[in-house]
Amino acid sequence: MTTTPNPALVTDLAPTGVLRASINLGNPVLAQGTPEAPAGITVDLAREIAARLGVGVELLCFDAARKSFDAMADGRADLCFLAVDPARETEVAFTAPYVVIEGVYAVPRGSALTTVEDVDAPGVRIGVKKGSAYDLFLSRNLAHATVVRGEEGVDTFRDQDLEAGAGIRQPLTAYAAAHPEVRLIEGRFMEIRQAVGTTIGRRPETVSFLRATIEELKENGFVAESLRRSGQEEGLVAPPA
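Residues numbered from 1 in each chain as written. Predicted model: local features only at pLDDT ≥ 70, side-chain atom pairs only at ≥ 80, totals over all residues. Heavy atoms only, no water.

Peer 1: Can you lay out helix α9 (residues 204-219) for me, pointing to particular residues and giving the numbers?
Peer 2: Between its first and last C-alpha atoms α9 spans 23 Å; for 16 residues at 1.5 Å apiece the expected length is 22 Å, and the two agree. Among the residues making up α9, those that are buried are Thr206, Val207, Phe209, Leu210, Thr213, Ile214, Glu216, Leu217 and Lys218. Where α9 ends, the next residue or the one after it, glycine 221, has phi of about 90°, a positive value. (Helix = DSSP H or I, 4+ residues; strand = E, 2+ residues; numbered from the N terminus. Expected span 1.5 Å × (residues − 1). Buried < 20%, exposed > 50% of the residue type's maximum accessible area, 1.4 Å probe, protein only.)

Peer 1: So what about the layout of surface pockets? Which residues, and what values?
Peer 2: Empty space among the atoms can be located by rolling a probe the size of a water molecule over them. Size it by volume and the largest pocket reaches roughly 350 Å³. Along its surface, the largest pocket is lined by 26 residues, and Gly26, Lys129, Tyr134, Glu152 and Ile168 are the ones closest to its centre. Along the lines of polarity and charge, the residues of the lining of the largest pocket split into 15 nonpolar, seven polar and four charged. (1 Å grid on protein atoms, 1.4 Å probe; cavity = no way out; pocket = protein on both sides within 12 Å on 5 of 7 lines; lining within 4 Å. Points joined across faces, edges and corners; volume = space filled by probe spheres on them. Nonpolar A, V, L, I, M, F, W, Y, C, P; charged D, E, K, R; others polar.)

Peer 1: Describe the pairing of strand β8 (residues 125-129), listing the residues and the values that go with them.
Peer 2: Extensive coverage of β8 is indicated by the burial of four of its five residues. In this sheet, strand β9 (residues 146-150) lies alongside β8 in parallel orientation, the contact comprising five bridges. Counterpart to arginine 125 in the pairing with β9 is threonine 146. In the sheet, β8 pairs with strand β10 (residues 164-168) via two bridges, with the strands oriented parallel. Within β10, the position partnered with glycine 127 by the bridge is glycine 165. (Pairing = 2+ DSSP bridges.)

Peer 1: For the nonpolar core, give the residues involved together with the corresponding values.
Peer 2: Tyr98, Tyr105 and Ile126 are the most contacted members of the largest nonpolar core, which totals 56 residues. In terms of residues, this core owes the most to one element, helix α2 (residues 41-53), which gives seven residues. Excluding residues within four positions of it along the chain, tyrosine 105 makes contact with Val116, Val119, Ile126, Leu138, Leu142, Gly165, Ala166, Leu172, Arg183, Leu184, Ile185 and Phe189. Listed in part, the 13 residues of the second largest apolar core include Leu60, Ala65, Ala71 and Val84. (Core = buried A, V, L, I, M, F, W, Y, C linked by side-chain atoms within 4.5 Å. Contact = heavy atoms within 4.5 Å.)

Peer 1: Pulling in residues and values, what's your account of the packing of aromatic side chains?
Peer 2: A complete count under the given rule lists two aromatic pairs for this structure. On the numbers, 4.5 Å between centres and 25° between planes, the contact of tyrosine 105 with phenylalanine 189 is stacked. Taken together, the residues tyrosine 105 in strand β7 (residues 99-108) and phenylalanine 189 in the loop between β11 (182-184) and β12 (190-199) connect sequence positions 84 residues apart. Through a chain of ring-to-ring contacts, the aromatic side chains of Tyr105, Phe137 and Phe189 assemble into a single cluster. (Phe/Tyr/Trp six-rings, centres within 6.5 Å; stacked < 30°, edge-to-face > 60°.)

Peer 1: Tell me about the pattern of salt bridges, and name the residues and values.
Peer 2: Counted according to the given criterion, the structure contains 21 salt bridges. Here arginine 202 ties to aspartate 78 by a salt bridge, and the two come within 3.2 Å at their closest N and O atoms. A residue pair is termed long-range when its members are at least 10 positions apart, and arginine 202 in the loop between β12 and α9 and aspartate 78 in the loop between α3 (65-73) and β5 (79-83) qualify at 124 residues. By relative accessible area, arginine 202 is classed as buried at 12%. Put simply, glutamate 205 and arginine 203 hold a salt bridge, and the shortest N to O gap is 3.6 Å. Residue glutamate 205 is classed as partly exposed on the basis of its relative accessible area, which comes to 44%. (Salt bridge = Lys/Arg side-chain N within 4 Å of Asp/Glu carboxyl O.)

Shown next as structure tokens:
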């Protein structure tokens with residue numbers, strides 16, 4: 001087990017006396033349920049970290065990663081569960097990832113696009129969820145295709161009749177299964193490394209505590225068991241740091 005944190009650590013990470021954790025219900029791999037009754041790996045992690053601090057937990061639920069990020073960045077939350085990205089690391093001190101998921105493309109079934117590389121071409125418009133990890137990644141890395149942002153990437157893809165939609169493998173797979181006019185392109189365009197984060201202004205000892213805790217919870221099976229309970233694949237657990 002990790003060492004019981006000292007009072008300075010508790011004061012630094014939970015200054016209000018309660019650990020305020022921002023939860024992104026927009027990613028069904030990480031969180032499920034409602035704002036009133038959230039569940040999933042991020043909820044379990046928040047509660048476990050709070051228990052180790054000896055404080056209560058307040059779960060602040062949002063429907064998008066950018067809103068979860070904003071809550072922590074502007075001081076409403078102490079902890080976040082987001083994909084590691086250079087654009088976020090200017091404000092967030094991340095642990096190593098606890099889960100690794102994949103970003104994939106959906107296209108119309110009759111599309112001529114057959115590989116990930118095909119999608120980055122002139123005239124190709126890709127629907128993404130605004131502020132998501134894959135929005136940040138594609139906006140930074142695409143050479144020819146255009147990103148089209150909306151509240152939900154798959155809705156933007158469908159409603160605007162775009163050439164492709166980007167998203168997380170699990171929900172996009174379910175969408176394609178329910179919509180035979182859509183198929184997924186084989187392979188991934190990115191790995192999405194989901195980690196725990198807090199503001200970069202926190203003490204080094206605080207960040208070290210979070211990093212050590214996440215490594216322990218990966219190693220002892222906590223993360224895998226939480227994923228299993230929420231109907232997710234245990235194989236999503238990230239490798240040791």
